[in-house]
Structure formats: C-alpha cells, structure tokens
Amino acid sequence: MALVLRNIYHTFNYFFSEYKDPRIEDYPLLGSPWPIVAILVLYLKFVSDWGRQLMKHRKPFDLTTVMNMYNLIQIFLNLYIGTVGLSNSYFDPDYNWRCESINQKDNPSRRKLIFVTYLYFISKIIDLLDTVFFVLRKKYNQITFLHTYHHAGMVLATYIFTKFIAGSHATLLGLINSFVHVIMYFYYFLTTFKPELKNSLWWKRYITQVQLIQFTVLMLHFGVPLVGQYCDFPKIFLFIGFTQNLFMFTLFADFYVKAYIKKK
C-alpha cells in the first residue's frame, strides 16, 4: 500500500512539474495543488459542520455593509476580467475563434490574457464567501447541493485550467461566466438596498435563464469540435467541458422548473 501511495505521489509531482505552464510560474496558489485541496476541504467542512456549530446558539449576523462591499468588488472584478479577457482573445487577430489549441505564446496580449485568467481563478476562490455568508446569516435553506457543488467545482476546474491550458479553447468559459456574474452580483447589490426586488419573480427567472443560455453556449463550444474532430485541443478537456456544462444545465433546468414552472 505504501508503495502504491508513493507511486501516486511521484506521478502527481511529475505531472504538475512537467506539464505546467511556465508563464504562470510566479503566480501564488498555482504551484502544488495541495493548498487548493486544503481550501476546498476547509470550505466544505465549515459549510456542512463547523459553521453550523458556530452559529448554533448565536443570532444571525447582520452583514449588509460587508455584502454591499463584496458585491461591488465582484461586479467590477468580473467586469474587468470579461472586458480585458475578451479584448485579448476573441478581439485579437492571433486568436483562433474556431479552435485555439494549447500553446505557450508569450507576447503582450497573451500576458494580459494569462493575468485575467489568473484573476478569474482567484475570483472563484472569493466566490466561496457566498456560502460563508449564508452560514453566518443562518440561511441554510440556500446551501443546496447545486450551490456547493458549483462553487467547489469551479475552484478546482479553474485551478487546472489556469495551470495547464490558459489562453486556449477553454477561454470562452471564463469570459461568458464573468459577464453572467456581473449581472448576478448587480442584482444582489440592488436587493440589499431594495429587498422588495427579491419578490420580483422576473428578476430571478431572468438570471436563471441567462445561466441556462451560458451552459448551452458552452456545451456547443466544447461539443461541436469534439464531434467534428477538427480541433487540435485535447479531447479529454473537450469531453469534460461538454459533460460538466451538460450536468450544470440539467441541475439549473431542474431548479428552474421547480421554482418557476411547477410553483407557478
């Protein structure tokens, strides 16, 4: 057993040193995967156990000011990621719209794209605070499987994306997701000032519809080259991109039907 574990450990070390992108060498949290694993373990443990024990005999915290600042930061951070990323990818003549293979081009445009890709990864770690706020406000009904799976999964996915395939065909995922988050956090920011907007059904329905459109576009983005066999991009990443967005589409569609169609 010890020999098996040792081999697995050496295999991981070889993979993470041999295939890493040298352009992200100096960015924090992109070295060993263990700090990210630790963050996710602590997050899940706090959400499912430690946080609830902490709040068991306490009143919910009033986090209005903190959440206002948090939502504003998320709006501008995601807007910056989306606009700078778009201008240095799909608006860059050197970027292939149909299929951008994994490469390590090193020019000013690619450096900017790598930087905002890293910021996108950091934003997914910051997103974990959504659930922490739910716990501290004792909004346990909002901590669903969909919520925790999405947040934890995105941290892990963006770590792998940033470390190994930054600036490639998968870039569209970060771009479209950043603009969707601008809409989401703008809505959250408004509802802290006008709570009555939470009862406005079309707002929530609209946001969920945008998310369903996002997953549909990304399924096509990964699925078409997977079927067409014309893209020099690892098939395993195309397959994972397609299946994960299909899975998320299914979960969000199930939520949409239960919340807005059956409930109505």
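Residues numbered from 1 in each chain as written. Predicted model: local features only at pLDDT ≥ 70, side-chain atom pairs only at ≥ 80, totals over all residues. Heavy atoms only, no water.

Condition: UniProt positions are given in the numbering used here, feature names are shortened, and annotations may be inferred rather than shown by experiment.
In the annotation of an unreviewed UniProt entry, the entry for the protein chain reads Elongation of very long chain fatty acids protein, and the organism field reads Anopheles minimus. According to the UniProt record, the Subcellular location (unreviewed entry) comment for the protein chain reads "Membrane".

1. Some thoughts on empty space enclosed by the protein
To keep it simple, the criterion reads: Using protein atoms alone on a 1 Å grid, points that fit a 1.4 Å probe yet trap it form a cavity, whereas open point sets bounded by protein on both sides within 12 Å along at least five of seven lines form a pocket; residues with an atom within 4 Å of a point count as lining. Grid points are joined across faces, edges and corners, and a volume is the space filled by probe spheres set on the points. Numbered from the N terminus, helices here are DSSP runs of H or I no shorter than four residues, and strands are runs of E no shorter than two. Only Asp, Glu, Lys and Arg are considered charged, only Ala, Val, Leu, Ile, Met, Phe, Trp, Tyr, Cys and Pro nonpolar, and every remaining residue, Gly among them, polar.
As enumerated under the stated definition, the model contains one cavity of 30 Å³ or more in all. In this structure, the largest cavity occupies an estimated 80 Å³ of space. Every residue lining the largest cavity is listed: Ile81, Gly85, Leu113, Val116, Thr117, Tyr120, Phe161, Thr171, Gly174 and Leu175. Where the lining of the largest cavity is concerned, the elements lending two or more residues are α3 (64-87), α4 (108-126) and α7 (171-193). Here the residues of the lining of the largest cavity sort into six nonpolar, four polar and no charged.

2. Quick word on the packing of aromatic side chains
Each aromatic ring pair is characterised by the separation of its centres together with the angle its planes make. Rule in force here: The rule is short: rings of Phe, Tyr and Trp, with Trp giving its six-membered ring, pair when the centres are within 6.5 Å, and they are stacked under 30 degrees, edge-to-face over 60, tilted in between. Burial classes: relative accessible area under 20% of the type maximum marks a residue as buried, over 50% as exposed, and values in between as partly exposed (1.4 Å probe, protein chains only). A ring is scored as having a charge over it whenever the NZ atom of a lysine or the CZ atom of an arginine sits within 6 Å of its centre and within 35 degrees of its normal.
Summed over all chains, the structure comprises twelve aromatic pairs. Centre to centre, the rings of Tyr90 and Tyr95 are 4.9 Å apart; their planes meet at 55°, and the pair counts as tilted. There is no split in this pair, since Tyr90 and Tyr95 are both buried. The interplanar angle of 50° and the centroid separation of 5.1 Å between the aromatic rings of Phe215 and Phe252 together place this pair among those described as tilted. With a gap of 37 residues between them, Phe215 in helix α8 (residues 201-228) and Phe252 in helix α9 (residues 235-262) connect regions that are remote in the sequence. Through successive ring pairs, a cluster of aromatic residues spans Tyr70, Phe133, Tyr185, Tyr187 and Tyr188. Over the ring of Phe164 we find Lys163; its NZ or CZ atom is 6.0 Å from the centre of that ring.

3. Some points on the state of the cysteines
The following threshold applies: Disulfides are defined as cysteine sulfur pairs within 2.5 Å.
Taken as a whole, this structure holds one disulfide when the rule is applied. The disulfide bridge from Cys99 ends at Cys231, spanning 1.9 Å between sulfur atoms. Between Cys99 and Cys231, the disulfide has an S-S torsion of 75° and is therefore right-handed. On the criterion of sequence distance, the pair formed by Cys99 in the loop between α3 and α4 and Cys231 in the loop between α8 and α9 is long-range, its members being 132 residues apart. You'll find Cys99 and Cys231 in the same group, each marked buried.

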